[in-house]
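Close look at the chain arrangement
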Amino acid sequence: SQQGEEDPQALSIQEGENATMNCSYKTSINNLQWYRQNSGRGLVHLILIRSNEREKHSGRLRVTLDTSKKSSSLLITASRAADTASYFCAKREYGNKLVFGAGTILRVKS
Amino acid sequence: SQTIHQWPATLVQPVGSPLSLECTVEGTSNPNLYWYRQAAGRGLQLLFYSVGIGQISSEVPQNLSASRPQDRQFILSSKKLLLSDSGFYLCAWSVRGETNPFSPLHFGNGTRLTVT
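Residues numbered from 1 in each chain as written. Chains lettered and ligands numbered in written order. Predicted model: local features only at pLDDT ≥ 70, side-chain atom pairs only at ≥ 80, totals over all residues. Heavy atoms only, no water.

**What about the pattern of salt bridges?**
Residues and elements named next belong to chain A. A complete count under the given rule lists five salt bridges over all chains for this structure. Of the charged contacts, one joins Arg36 and Asp83 as a salt bridge, the two residues approaching to 3.9 Å between their closest N and O atoms. Here the residue Arg36 occupies a position in strand S4 (residues 31–37), and Asp83 occupies one in the loop between strand S8 (71–76) and strand S9 (85–93), the gap between them amounting to 47 residues. With relative accessibility at 18%, the residue Arg36 sits in the buried group. A relative accessible area of 7% places Asp83 in the buried class. The salt bridge partner of Arg60 is Asp83, with a shortest N-O separation of 2.9 Å. With Arg60 in the loop between strand S6 (55–58) and strand S7 (61–66) and Asp83 in the loop between S8 and S9, this pair connects stretches of sequence that are 23 residues apart. Classification of Arg60 by relative accessible area gives partly exposed; the value is 23%. (Salt bridge = Lys/Arg side-chain N within 4 Å of Asp/Glu carboxyl O. Helix = DSSP H or I, 4+ residues; strand = E, 2+ residues; numbered from the N terminus. Buried < 20%, exposed > 50% of the residue type's maximum accessible area, 1.4 Å probe, protein only.)

Encoded structure:
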């Protein structure tokens, strides 16, 4: 089952604009993680936010978490063409499993 | 530093043939190991995970099996491939343990399997 569901499914923006992707989940979480996947490659971990945190920053990335709404968002500021990739949220479940959503395909046009 | 190797990068196999995909991790001990499958344009489906040698948990009943003969080696196998087994297979590792739920996954570069 997929516990993290991202929207939009696809996003196309101009270089320099901000990109916002959202993730919803259904059950309680210990933490929520965001990953990036370049076409035809493995996933790369971007950022993790714990259930007792509301916001976290890493460079041009900003992640928020609203446990009351069971949702998270990933903001990429001042996007670059190199940010073009698929972005996935993943929820840490009991038993060492990380469950991924379907992802958002981001295209940044230069 | 830790590295994860996954091979082959691409594979084309006929229906009914066997499969063996291998994944090895270097630079860490006692990792949790995972096999995921990704259909074209879709999210990741967890197939198997392992917390130790010989310990395999299967998430989805299917035509595949996994084995962990050594601490840092994880193998995905099939005796007879189906067309529906086509996809992008990803191996990943994380620091072991219930005590470390904040450990991210580190992925290999995947194997693109096409069953014809």
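**Digging into the sheet that holds strand S1 (residues 3–7) of chain B**
All names here are of chain B. Taken together, the four strands give an open sheet; going across it, the order is S1-S3-S8-S7, and neighbouring strands pair in antiparallel fashion. Looking at which strands have only one partner, the edges of the open sheet turn out to be S1 and strand S7 (65–70). Adjacent strand axes in the sheet meet at a mean angle of 20 degrees when their direction is disregarded. Two elements, S1 and strand S3 (residues 19–26), share five bridges in a ladder whose sense is antiparallel. (Pairing = 2+ DSSP bridges. Axes fitted to C-alpha atoms, helices over the stretch in contact; angles between N-to-C directions.)

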